[in-house]
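# Chains, contacts and geometry: an overview
Listed here are the chains, written in short residue letters.
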Amino acid sequence: MAKTRQTSKSHRKGSDRRWSRKVNTESTFPEEGLFKQDARTIARSMASKKVSPKGIGSGIKMVQFFINRGGKNLPAKQKRELEKAKKILQEKNEKQKKSARGYRRLGF
């Protein structure tokens, strides 16, 4: 007797499969069409307090979320630009952390 395999709810095809469509955020406000621009523009905007009030880390997370959300449907050129923007943000974040550590060492 052959067993039939049941698919879990998360593996079903259809509208409920894409949970990321339902994600809404109150803390970040990227401008419309931002993720279709060049890497420097994306990084500059994501580093701003208006878009990422909690800091550069939240901007990095947002870019990564967009890459993940796009998945296979994200064009290669756009994905490259987003990865570049993420790298720029990571470097800026590291630089900011290093300067903060040095500032603390001086006793301020």
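The rules behind each value
- Residues numbered from 1 in each chain as written.
- Predicted model: local features only at pLDDT ≥ 70, side-chain atom pairs only at ≥ 80, totals over all residues.
- Heavy atoms only, no water.
- Helix = DSSP H or I, 4+ residues; strand = E, 2+ residues; numbered from the N terminus.
- Buried < 20%, exposed > 50% of the residue type's maximum accessible area, 1.4 Å probe, protein only.
- Areas by Shrake-Rupley, 256 points an atom, 1.4 Å probe, with all protein chains shown as cover.
- Salt bridge = Lys/Arg side-chain N within 4 Å of Asp/Glu carboxyl O.
- Arc of directions from axis to C-beta.
- Expected span 1.5 Å × (residues − 1).
- Axes fitted to C-alpha atoms, helices over the stretch in contact; angles between N-to-C directions.
- Parallel < 35°, antiparallel > 145°, perpendicular 65-115°, else oblique.
- Left-handed = near helix turned anticlockwise from the far one by under 90°.
- Contact = heavy atoms within 4.5 Å.

## Comments concerning the overall build of the protein
If you tally the helices and strands in the protein, you get three helices and zero strands. Counted from the first residue to the last, the protein has its helices and strands arranged as α-α-α. The buried share of the protein, reckoned over its 108 residues, is 26%. Accessible surface, the protein as shown: approximately 9100 Å² in total, 51% of it carbon and sulfur.

## Focus: the pattern of salt bridges
Applying the stated criterion across every chain yields a total of two salt bridges. A salt bridge links glutamate 81 to lysine 84, with the nearest nitrogen and oxygen atoms 3.4 Å apart. With glutamate 81 and lysine 84 both in helix 3 (residues 76-105), this residue pair falls three residues apart, about one helical turn.

## Considerations on helix 1 (residues 39-47)
Taken residue by residue, helix 1 has Ala39, Ile42, Ala43, Ser45 and Met46 as its buried positions. Each buried residue of helix 1 sits inside an arc of 170° when the element is viewed along its axis, so together they form one side. Set apart from the buried face of helix 1 by more than 90 degrees, the exposed residues are Arg40 and Arg44.

## Some thoughts on helix 2 (residues 56-70)
For helix 2, spanning 15 residues, the distance from its first C-alpha to its last is 21 Å, which sits close to the expected 21 Å at 1.5 Å a residue. Buried within helix 2 we find Ile56, Ser58, Gly59, Ile60, Met62, Val63, Ile67 and Gly70. One or two residues past the end of helix 2 sits glycine 71, with phi positive at roughly 55°.

## Quick notes on the packing of helix 1 against helix 2
One can describe the packing of helix 1 onto helix 2 by two numbers: an axis separation of 8 Å at closest approach and a directional angle of 135°. With respect to helix 2, the axis of helix 1 lies oblique. The handedness of the crossing between helix 1 and helix 2 is right-handed. Residue-level inspection shows Ile42, Met46 and Ala47 of helix 1 in contact with helix 2, the latter providing Ile56, Gly59, Met62 and Val63.

## Brief notes about the environment of arginine 40
Note on placement: arginine 40 falls in helix 1. By relative accessible area, which is 62% here, arginine 40 ends up exposed. Remark: the alpha-carbon pair of arginine 40 and leucine 89, spanning 49 residues in sequence, is separated by 9.3 Å.

## What to know about the side chain of serine 45
Its location among the elements puts serine 45 in helix 1. Not counting residues within four places of it along the chain, the set of residues in contact with serine 45 comprises Glu31, Leu34 and Val51.

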